[in-house]
Amino acid sequence: MAAELSRPDAAVVALGDYAQQVATTDGRVPGERGRQTRQRLLDATVELLTTTSWRSVKVTDIARQARTSPATFYQYFGNVEQAIRVLAEGMVDQAAQLAELVGGDWSEEASWDTALTVTEGFLSYWEDNRAVFRVVDLATEEGDAQLQGIRVRALNAVTVALAQVIVAASPSAQGSPGTQTCSPAGADPMAVAGTLVAMFASVSAHRYGFEFWGIRTGNLVDSQARLLHWAVTGRPAAASASASASASASQASRESARPRTGPVLGGASATSRRSVT
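Note that the structure is a prediction, hence the values are computed from the model and not measured. Per-chain numbering applies: the sequence of each chain, read as written, is numbered from 1 onward. Thresholds applied to this predicted model are a pLDDT of at least 70 for local features of residues and 80 or more for the giving and counting of side-chain atom pairs; totals over whole chains, interfaces and linings are not thresholded and use all residues. Side-chain metrics in this entry use all non-hydrogen atoms of the structure; hydrogen atoms and water are not considered.

> Describe the environment of leucine 98, naming the residues involved and giving the relevant values.
Within the secondary structure layout, leucine 98 lies in helix 6 (residues 80-102). Buried residues are those whose accessible area, probed at 1.4 Å on protein chains only, stays under 20% of the maximum for their type, while exposed residues exceed 50% and partly exposed ones sit between those limits. A residue is classified by how much of its surface remains accessible, and leucine 98, at 3% relative accessible area, is buried. The spacing of leucine 98 and tyrosine 125 is 27 residues in sequence and 7.7 Å in space, taken between C-alpha atoms. Among residues more than four places away in sequence, those in contact with leucine 98 are Val118, Gly121, Phe122, Tyr125 and Val158. Working definition: helices are DSSP H or I runs of at least four residues, strands are E runs of at least two. Numbering for both runs from the N terminus. By definition in these notes, contact holds between two residues if any of their heavy atoms fall within 4.5 Å.

What follows is the structure, encoded as structure tokens:
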């Protein structure tokens, strides 16, 4: 195991926050092999969370899933809860990328494509993190302040970005600059944005329930994109938007829109996840 770990030198310390975030429990910075092992442990945690109650997941289960030992797990995480917190922090990083999609082109020519991109992006974001979101939501209900704070930070990044877009697209002469909007969805941009993000989160979380009752994911995307487009621009989407959306959807989006009606505990786990840092 010593080959996986190395003492930090000047080059590693220069990595800054990244190096600190992937430090082992005794403060050392893992090398490439060590980072790969750590990521395997995180991936194994996600795999188990998709099918098992999070309180039933044990270190031995994760180590077995990752084809390593409990001793190796404890080199990187103090316990299962810490591994889950690392995964949850990864959601915040991905939310920043989603916020960038929100800040796209909302001009009249491009606004529908942007609304569709944001809607599909949020659904993909939730799907990538479905198992972790489920744990975070349950822990939040039970009063876990740390995980609640992570959830708030993740969704707040998208909410703030959306509020800024709404103000820019539908400014109001009333009130202080940036605090009011003439959006048909409401005068308070943060209230409008918060409502939209809550809609995205709820629909994404209940996606398979909708499919069970025959509501296709493609239609859910279309409906949400229309509401988003209307709230941001004040204009309804064109009647032909559904057809153009179907034509421009990627193969991956079409595959993900297929009904899935079997029992789902944590949702589909990603076959490959980006490195959580």
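> Pulling in residues and values, what's your account of helix 3 (residues 32-49)?
Here a helix's expected span is defined as the number of its residues, less one, multiplied by 1.5 Å. If you check helix 3, its first and last C-alpha atoms are 26 Å apart, about what 18 residues at 1.5 Å a residue would give, namely 26 Å. Burial in helix 3 covers these residues: Gly34, Thr37, Arg38, Gln39, Leu41, Leu42, Ala44, Thr45, Val46, Leu48 and Leu49.

> How would you explain the packing of helix 6 against helix 7 (residues 111-128) if you had to name every residue and give the values?
Here an axis means a line fitted to C-alpha atoms, over the contact stretch when the element is a helix, while the angle between two N-to-C directions is reported on a 0 to 180 degree scale. Relative to each other, helix 6 and helix 7 sit at 170°, their axes nearing to 9 Å. Regarding the angle of helix 6 to helix 7, the classification is roughly antiparallel. Listed contacts from helix 7 to Met91, Gln94, Ala95, Leu98, Leu101 and Val102 of helix 6 are Thr114, Thr117, Val118, Gly121, Phe122, Tyr125 and Asp128. A class-by-class count of the residues in the contact of helix 6 with helix 7 yields eight nonpolar, four polar and one charged. In this scheme, roughly parallel covers angles under 35 degrees and roughly antiparallel covers those over 145, while 65 to 115 is roughly perpendicular and the rest are oblique. Residue type decides the class: Asp, Glu, Lys and Arg count as charged, Ala, Val, Leu, Ile, Met, Phe, Trp, Tyr, Cys and Pro as nonpolar, and the leftover types, Gly among them, as polar.

> Which residues make up the pattern of salt bridges, and what values do they have?
For this document, the term salt bridge refers to a Lys or Arg side-chain nitrogen within 4 Å of an Asp or Glu carboxyl oxygen. Evaluation of the coordinates by the stated rule reveals nine salt bridges. Between glutamate 142 and arginine 55 there is a salt bridge whose closest N-O contact spans 2.3 Å. One end of the pair, glutamate 142, is in the loop between helix 8 (130-141) and helix 9 (145-169); the other, arginine 55, is in the loop between helix 3 and helix 4 (59-65), and 87 residues separate them in sequence. Residue glutamate 127 pairs with arginine 207 through a salt bridge whose shortest N-O separation is 3.2 Å. Highlighted residues: glutamate 127 in helix 7 and arginine 207 in helix 11 (residues 207-212), separated in sequence by 80 residues. Judged by relative accessible area, which is 13%, glutamate 127 ranks as buried.

> Let's hear about the packing of helix 10 (residues 189-205) against helix 12 (residues 217-233): which residues, and what values?
Orientation of helix 10 relative to helix 12, taken along the N-to-C sense of each, is 175°, at an axis distance of 11 Å. Classified by the angle between their axes, helix 10 and helix 12 sit roughly antiparallel to one another. The segment helix 10 lies against helix 12, with Val192, Leu196, Met199, Phe200 and Val203 engaging Leu220, Gln224, Leu227, Leu228 and Ala231. Per-class residue counts for the contact of helix 10 with helix 12 are nine nonpolar, one polar and no charged.

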